[in-house]
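Listed here are the chains, written in short residue letters.
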Amino acid sequence: MTTTRRRFVQGSLAAGALTAAPARLRAQTTPAVSRTIRAVLHGDLRVFDPVWTTANMTSYHAAMVYDTLFGVDDKFEPKPQMVSKYSLSDDRKVYNFELRDGLRFSDGSQVTARDCVASIRRWAARDGGGQHMLARLADTPVKDDKSFQLVMKEPYSLAVEWLAKAATNVCYIMREKEAQTDPMQQIQTIIGSGPFTFNQDAVVQGQRYVYDRNAAYVPRSEPAVFTSGGKVVNVDRVVFENIADEATAIAAIRAGEIDMIEYPNVDLLSSLEGEKEIKLEVLNKQGQLGWGRVNWLHPPFNNVKARQAMLHLIHPTEVMKATFGDEKYFKGCSSLFGMGTPMENDANIGWFKGGQNIEKAKQLVKESGYDGRPVVVLHATNIAYMNNAANLIAQWMRQAGFNVSLQASDWGAVITRRAVKSPPDQGGWNVFFTSGSVNAFGNPVALSGHAANGEKGWFGWPTDEKHEAFRDKWAAASSDAERRQIARDMQQNAWDFVPHMYYGQWFQPAALRNLTGLIGMPELIPFWNVKKG
Amino acid sequence: MLSYIAHRLASTILVMTLVGIFVFLLLHFSAGDPAAIIAGDYATPQQIVAIRQRLGLDDPLLVQFWRWALRVIKGDLGVSIFSNTPVGVLIIQRLEPTLSLALLTMLFAVSIAVSLGVIAAWRVGSLVDRALMGFSVLGFSMPAFVVGYSLIYIFAIELRWLPVQGYRSLADGVGPWILHLILPTVTLGLAYIALIARMTRASMLEVLEEDYIRTAKAKGVTTRTMLMKHALKNAGVPIVTVIGIGVALLIGGVVITETVFNIPGIGRLVVDAISKRDYPIIQGVILLFSGIYVLVNLLVDLSYSLIDPRIRYR
């Protein structure tokens, strides 16, 4: 048979119709663009288990799909979310919880107290605050389908705070079946009782993750404030788009292909000026805190004078300017607990008020008996603010008399090397820079970096018994006022022994295109309450 | 011929084995620990150690290599450390965008480049020749991301003719598929066009000096027949060789182009995996790329005998 031109055209049309058909079928189930939010968040979603990792992207995913027993309001006070009633016994040893009506998983099954207990136990095995609670937990009796207890071995006031916190790991409630998975293994099924359901069929791994409104979700009646109140969903679909290239993301929001960029590149913000439909808004008003950790196990930072020198030589404004340019997006941080947190205070901040003082730093380095050995500074070059911090601070360290060896690599290599306890000339290190959510710094017990328990603690391994005693005291305190006073004492002591140092606090704006009602809070972008158009 | 193919296929296996060993050792001796990345920034050293043990990353290197090699022999590339998804599945999910981009680029670049090369050789020394060669130099020297961003600015932001980013599957219809691939194809194809056009021109110039071309002209054959039938066919071997070698260029370019245009292909898969030290994905993709490269060059070698029947394989 010979192929005629007519036959070729007929064949081509038939092939075109065949390939186009599935698109038409799919169009019937795809929500309208006006009812879909496409958001570029700060990274790719690789892990779907919020217990298995502390990655914030995973927590964003989990907040869509799962619900929590408690949320927090804008004062970070716990408020019931899945719970309707709760109480703590007078001896502060027994917590009673009762679930509210209408809670269902997206597979249609009822949320029970057994699901909650299993979820709490799995979460507590991995989370810092959870572990603190678990060490004091005697039992978790289930009273009936809707009621359970946490029975503590000793008086304990922090359980509800841990269950409510928005900083990772968050205690999301899963079905008992998934919650019984070994906490060191990832769950395989994603079924929650949250305001959205995860649409696995529409997911393109590495590019987009799709969440559809959970029609069966019953929100609370109170207004939505942070993670507390009614999680009312106003759109049909939310898509997490992963656009790795920052310039492409900016181009995409200008062209109207996406509705939001969580952290647009600050250098490219000027290209959004004049775009009437796009506004820049700082969502995380507490911001992010840049900190440097010094290694207490080896000279020179096993000497307090050398650590104090670091406090005097850092100029936060210069570090922040190098990355964020506009001063409205950053400030310095003098409080151990970050600026703007409930525990912020001004105890012992003379070093900050005095500003950068290289001469003072020089004197302290001399007093420390520093012998001129190379000081290894780990330098992550692939993250702009870390790159700038390392370059600038290394230069100030040189001016203060340190013989700095700046060792460049990507962040992946830094987080491996920072775990090495050997001396710096044998693969170890002296200084590295990282950052964290200010919200996390506000809690001296939950943040592992606040511990000063030596080699059992976080990288840098500071040791200070007095500091540890303050942390225990803070955990046992029965009122906020008492905690604030302990935090003040803790800071007074900390800026003497210098567990670590801060190089600035910043507030990166999000770019929003025709979105209103987005709840600005630390650690999370909630997609309930948001309206498009 | 058959024994030649069998011999080349056997050498492909050898090459891929060496690539496998090299990649495995390179990754495991380079800095970076997936367990530390998985655990997150606030994880304690104890938690990282527990994850490392769970993933088997604490086992001796030889044990890890043997475990991986046994799986690969059985056709199992392992499971992504992060997403817990089989690497084979991830590669298959990403294959369509990458294949679409690579094949379309190849088609686009070869058809444009050969035509330009033939015209330049035909009009050697003329303004057309100089313009075409100038374009080739520019095409080869401009980085893909510069070309990509420029095209995005003009055609997606200013003119709004084409989408900025993303990929639509062929199953969503030919229209959306091709619309999303025009800018990436042009971006990726430019360097390839430059390379092939220059080679075509050089090869054609050599052939056009041959006696049989003069004879053909003397016999009065048309310019078109002389160029396309007599000259181009005889100039084909070096052109096909360069197309084959250019596959490496294409593979490298795919990685950048997929990032700039946010195409969820294999290039982006491997870039993301490198930043996260997701060893099974990196190993699997590099094995795949090396296999493709070796096989494409085998096909190129075999095509020589079709282009020039004087070439025989034993």
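Because the structure is a prediction, the values reported are computed rather than measured. (Residues numbered from 1 in each chain as written. Chains lettered and ligands numbered in written order. Predicted model: local features only at pLDDT ≥ 70, side-chain atom pairs only at ≥ 80, totals over all residues.)

## A closer look at the overall build of chain A
What counts, and what does not: Numbering of helices and strands runs from the N terminus, with a helix taken as a DSSP run of H or I at least four residues long and a strand as a DSSP run of E at least two residues long. C-alpha atoms define the radius of gyration, and 2.2 Å times the number of residues to the power 0.38 defines the globule rule. Whether a residue is buried, exposed or partly exposed follows from its count of other C-beta atoms within 10 Å of its own C-beta, namely 20 or more, 12 or fewer, or something in between, respectively; the C-beta atoms are built from the backbone.
Looking only at helices and strands, one finds 16 helices and 24 strands in chain A. In terms of C-alpha radius of gyration, chain A reaches 26 Å, essentially the compact-globule figure of 24 Å for 533 residues. Structurally, chain A occupies a C-alpha span of about 90 × 65 × 45 Å along its principal axes. Relative to its 533 residues, chain A shows a buried fraction of 53%.

## What about the interface of chain B and chain A?
Many authors give the size of an interface as the accessible area that is lost as the parts come together. Note the threshold: What counts as a contact here is a pair of residues whose C-beta atoms, placed from the backbone, lie within 7 Å.
Opposite the 46 residues of chain B that make contact, chain A presents 42 residues. Looking at the side of chain B that touches chain A, the elements with two or more residues in it are α2 (34–39), α3 (45–55), α5 (87–122), α7 (144–158), α11 (236–260) and α12 (266–276) of chain B.

## Details of helix α4 (residues 61–73) of chain B
Rules: Between the first and last residue of a helix there are one fewer steps than residues, each counted as 1.5 Å, and that sum is the expected span.
Across its 13 residues, α4 of chain B extends 18 Å between first and last C-alpha, which sits within 8% of the 18 Å expected from 1.5 Å per residue. Once α4 of chain B finishes, Gly 75 of chain B follows within two positions and takes phi at roughly 85°, a positive value.

## Some words on the pairing of strand β18 (residues 374–380) of chain A
The side chains of a regular strand alternate between both faces of the sheet. Residues and elements named next belong to chain A. For clarity, the cut-off: Two strands qualify as a pair provided that DSSP identifies no fewer than 2 bridges between them.
With 6 of 7 residues buried, β18 is to be regarded as a mostly interior element. As paired elements, β18 and strand β19 (residues 403–409) share 7 bridges and run parallel to each other. The partner of Leu 378 across the bridge, within β19, is Gln 407.

## Focus on the domain arrangement of chain A
Residue and element names in this part refer to chain A. Where we set the bar: The domain boundaries here were taken from an automatic or database domain assignment. Ten residues, namely Ala, Val, Leu, Ile, Met, Phe, Trp, Tyr, Cys and Pro, are considered nonpolar, four, namely Asp, Glu, Lys and Arg, are considered charged, and the remaining ones, Gly among them, are considered polar.
Partitioning chain A into structural domains gives domain 1 (67–176) and domain 2 (288–506). The C-alpha-based centres of domain 1 and domain 2 are spaced at 34 Å. Taken together, the contact between domain 1 and domain 2 spans 8 residues of the former and 10 residues of the latter. Residues of the side of domain 1 that touches domain 2, tallied by class, amount to 3 nonpolar, 4 polar and 1 charged.

## A look at the domain arrangement of chain B
Residue and element names in this part refer to chain B. On domain assignment, one finds that chain B holds domain 1 (13–73) and domain 2 (95–307). Using only C-alpha atoms to locate each centre, domain 1 and domain 2 end up separated by 36 Å. Every element with two or more residues in the side of domain 1 that touches domain 2 is listed here: α1 (2–29) and α2. It is α1 that contributes the most residues to the side of domain 1 that touches domain 2, 7 residues altogether. By residue class, the composition of the side of domain 1 that touches domain 2 is 9 nonpolar, 2 polar and 1 charged.

## Structural notes on the sheet that holds strand β22 (residues 510–513) of chain A
All names here are of chain A. How we decide: The angle between two axes is taken between their N-to-C directions and runs from 0 to 180 degrees, where each axis is a line fitted to C-alpha atoms and a helix contributes only its stretch in contact.
Read across the sheet, 7 strands follow the order β11-β12-β13-β1-β14-β22-β15 without closing on themselves; strand pairing throughout is mixed. On the outer flanks of this sheet lie β11 (196–198) and β15 (278–281), each paired with one strand and no other. Of the strand pairs in this sheet, strand β12 (residues 208–213) and strand β13 (residues 237–241) are connected by 5 bridges, and their pairing is antiparallel. Looking across to β13, one finds that Val 210 is bridged to Val 239. Taken strand by strand, helix α2 (residues 56–65) contacts β11, β12 and β13, and its axis lies near 120° from that of β11.

## Some details on unusual backbone geometry
Residue and element names in this part refer to chain A. Cis rather than trans, the peptide bond between Thr 168 and Asn 169 has omega equal to -10°. Checked against the element boundaries, Asn 169 lands in the loop between α5 (159–164) and β10 (172–173). Residue Pro 300 follows Pro 299 across a cis peptide bond; omega there is 5°. With respect to the element layout, Pro 300 can be found in the loop between β16 (288–294) and α8 (304–313). Positive phi is not limited to glycine here, since Asn 514 has a value of about 55°. You can see Asn 514 is positioned in the loop between β22 and β23 (515–516).

## Thoughts on the packing of helix α9 (residues 211–219) of chain B against helix α10 (residues 223–234) of chain B
Residues and elements named next belong to chain B. Our working definition: Between 65 and 115 degrees an angle is taken as roughly perpendicular, under 35 as roughly parallel, over 145 as roughly antiparallel, and anywhere else as oblique. Note on convention: the crossing is left-handed when the near helix lies turned anticlockwise from the far helix by less than a right angle, right-handed when the turn is clockwise.
Where α9 meets α10, the axes come as close as 11 Å, and the angle between the chain directions of the two elements is 150°. With respect to their mutual orientation, α9 and α10 come out roughly antiparallel. In the crossing of α9 with α10, the sense of the turn from one axis to the other is right-handed. Contacts from Tyr 212, Ile 213, Ala 216 and Lys 217 of α9 reach α10 at Met 226, His 230 and Ala 231. Tallied by class, residues from the contact of α9 with α10 come to 5 nonpolar, 1 polar and 1 charged.

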